[in-house]
Amino acid sequence: MNEKLSQTGLRITTILVAMVVGVVSIIVCCFIVLFLNQYRSAMVQSACTNSVQSSSQVSNTVAAYLSDMKQAMALVEQSMTEDDASRDELLGAFLEFRPDVVAVTSYSSQGQLLQCWSPGRQPKEHILENLSFDLEQAQASNSAYMSPPHVESIFEGYYPWVVTMTSQLPPKSSATWVSLDLSFSSLSSYINSVSIGQRGYCFLMDQKGNMVYHPQQQLLYSGLKSEDTSQLSQLSDGAHVNDTVIYSLTSVAGSDWRVVGVSYVDELVGRNVTEMIHLTMLGVVIVLILSLLTSWLLSRLLGRPLRALASAMESFEADADHFNYHPVGGTREVQELSCSFGHMVMRIQQLMTTVREEEVNLRKTELKALQAQINPHFLYNTLDSIAWMCEQGRNADAVKMVHALARLFRISISKGHELIPIAKEIQHAESYLQIQKYRYRNRFTYQFHVDPACLDYLCNKITLQPIIENAINHGLDLLVDEGSIDVYVRQDGDDIVFRVMDDGVGMSQEQIVAIMEHGPKDRSGIGIRNVNDRLQIYFGKEYGLTITSKLDAGTCVEIRMPKIKEGNYEGK
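The secondary structure content of the protein amounts to 14 helices and 18 strands. When each of the 572 residues of the protein is scored for burial, the buried share is 41%. A sequence separation of at least 24 residues applies to 65% of the contacts in the protein between residues at least 6 apart. Looking at the protein as shown, the accessible area adds up to about 31,200 Å², and 55% of this sits on carbon and sulfur atoms.

What follows is the structure, given as structure tokens:
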């Protein structure tokens, strides 16, 4: 580890040169994106031009239609100045020559239908609504005006789609206004046939945004489609791109109508852009292949050693005690990192050994402190009982208690060993019960139920005595009648289970929690708490005490510890 690092291997700067290929790839992709954006903009502009051309053609056709209608109206107006016979003759010839003219009608100043000229058709006697004539509009117009396309409504069983031009006649004429109904079917068929792309179309509106004609009028009436004509009316003639839609507007000469062409960017532009994308994707694939080759080289030169180093770190984290590190080769920087990690592994393993030794010493110190904490507490209670018996003049009983106390401490000392055979622990507990039975004047009975196979196993000394003490002081002492204590020792798989049961007053759940949680400064339950701590320090958190109790029924304390016979368990 301390040897001078080998000078072999590439430097990281050399590897970075290879990364230039990746940077170039990114730059190429950026240029491709910019090119596609510019190309798309150009295609959108081209689509706008085509859309304007289409709407202009429709506008010219509509203008020609209206011009023709005005010429026809001029002939009608001229015929209305002739006498009745000449007028009828001229209009008859006109209608025969112009089959697209549906009807010529004249109206009085009050808007009443005076006469109607239509080949082979007579108007209805009672016309509910004449859509071809509007008196208010006629009076408000200073010149001839054009109505929007509508259904002819003055004939019975004949309802063609027409456009009406109404003009005011000279004062000397027999009628005030004359109207010319011209079939709109030819013009509507033309507008319907106009398509800008596969989904594009044209429609007519006036300068105020009122719909004149739309090839999808049924969808408009049913609410399945809408056109924002009020917004479109504010736009000038020309192409206007709105998100994915291109609107091209062209005014119709000689009228207040405007042709609106609707086309879709994705349809007109998408095909060409898609083709260009296919071409550019070929270039991107080439760059991608180069990038993959570069990545493979980086993986070989840099990635693989780093992954090996990361794997070694994971192995060290999983089992630091038995980890044996082998340096990783690669670039000079990787070798330096590998060397530093090797030094760190050695240092950590040394520190772990030191910490482990300190933990063992600390655990032994804690055990001794806990034991020292239990003994004075037990001694105080026992001496208190002996003093009470002496006060009562029961000297013989006091002597027996002193002998029992001597046996207790002889077993407690156990030549300094923490673990003693279960047989001695039973003797220790029985001696304590004898002492307490003297004190309480035989107010309780006790029995031991011990599996003989358990007697040779080892357990922590002074394990049962604090539990029994708690059963007497907090369970049986408050009883009026005689109580009982039963001590069970049995095997449970690889564990030994002690169970101390009494039929005392019992405890609430809050009292159980208090006994298990009180620290050394609280006298209540100090023995039980320390027994549990000793067991868990010695054998682990899975062992220890479990208390179950029911008020006025009794308490059961179960102690679980592993089976131990021989071995240096205290040195662990």
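From this point, things continue past the structure.
Okay, the sheet that holds strand 11 (residues 257-264) next. Taken in spatial order, the five strands make up an open sheet running 8-7-11-10-9, and their pairing is antiparallel. Lying at the two open borders of the sheet, with one neighbouring strand each, are strand 8 (211-213) and strand 9 (238-242). Neighbour to neighbour, the strand axes of the sheet diverge by 30° on average, direction disregarded. For strand 7 (residues 201-206) and strand 8, the ladder comprises two bridges, and the chain directions are antiparallel. Within strand 8, the residue paired with L204 across the bridge is Y213.

Moving on: the pattern of salt bridges. Taken as a whole, this structure holds eleven salt bridges when the rule is applied. A salt bridge links D492 to R560; the shortest N-O distance between them is 2.9 Å. Pair noted here: D492 is in strand 15 (residues 483-492) and R560 is in strand 18 (residues 554-562), with a separation of 68 residues, a long-range link. With a closest N to O distance of 2.9 Å, D533 and R529 form a salt bridge. Highlighted residues: D533 and R529, both in helix 14 (residues 526-539), separated by four residues, approximately one helical turn. Its relative accessible area of 23% is what places R529 among the partly exposed residues. Through salt bridges with shared partners, a single network forms among D492, D495, R499, E558 and R560.

Let's shift gears to the confidence of the model for the protein. Reading predicted coordinates in detail is not appropriate for stretches of low pLDDT. Averaged over the protein, the pLDDT score is 80; the fraction of residues at 70 or greater is 86%. For the protein, helix 7 (residues 265-268) is the element with the lowest average pLDDT, namely 70, and strand 16 (residues 495-502) is the one with the highest, namely 94. Overall, residues 1-7 carries pLDDT values under 50, and its contacts beyond four positions in sequence, including any with other chains, amount to twelve contacts. Segment residues 519-525: pLDDT under 50, and eight contacts once partners within four positions in sequence are set aside and those in other chains are kept.

It is worth spelling out the nonpolar core at this point. With 39 residues, the main nonpolar core has I422, L464, I468, I485, F498 and I559 as its most contacted residues. The element best represented in this core is helix 12 (residues 464-476), accounting for six residues. Beyond its immediate chain neighbours, meaning those up to four positions away, L464 contacts E425, I426, A429, V487, F498, V500 and I559. If you look at the next biggest cluster of nonpolar residues, it comprises 36 residues, including V62, M73, W117 and M146.

In the sheet, strand 1 (residues 101-107) pairs with strand 2 (residues 113-117) via four bridges, with the strands oriented antiparallel. Paired with Y107 across the two strands is L113, which belongs to strand 2. Here strand 1 folds back onto strand 2 in antiparallel fashion, the turn holding five residues, of which G111 has a positive phi close to 85°.

Basis of the calculations
- Residues numbered from 1 in each chain as written.
- Predicted model: local features only at pLDDT ≥ 70, side-chain atom pairs only at ≥ 80, totals over all residues.
- Heavy atoms only, no water.
- Helix = DSSP H or I, 4+ residues; strand = E, 2+ residues; numbered from the N terminus.
- Buried < 20%, exposed > 50% of the residue type's maximum accessible area, 1.4 Å probe, protein only.
- Contact = heavy atoms within 4.5 Å.
- Areas by Shrake-Rupley, 256 points an atom, 1.4 Å probe, with all protein chains shown as cover.
- Pairing = 2+ DSSP bridges.
- Axes fitted to C-alpha atoms, helices over the stretch in contact; angles between N-to-C directions.
- Salt bridge = Lys/Arg side-chain N within 4 Å of Asp/Glu carboxyl O.
- pLDDT = per-residue confidence, 0-100.
- Core = buried A, V, L, I, M, F, W, Y, C linked by side-chain atoms within 4.5 Å.

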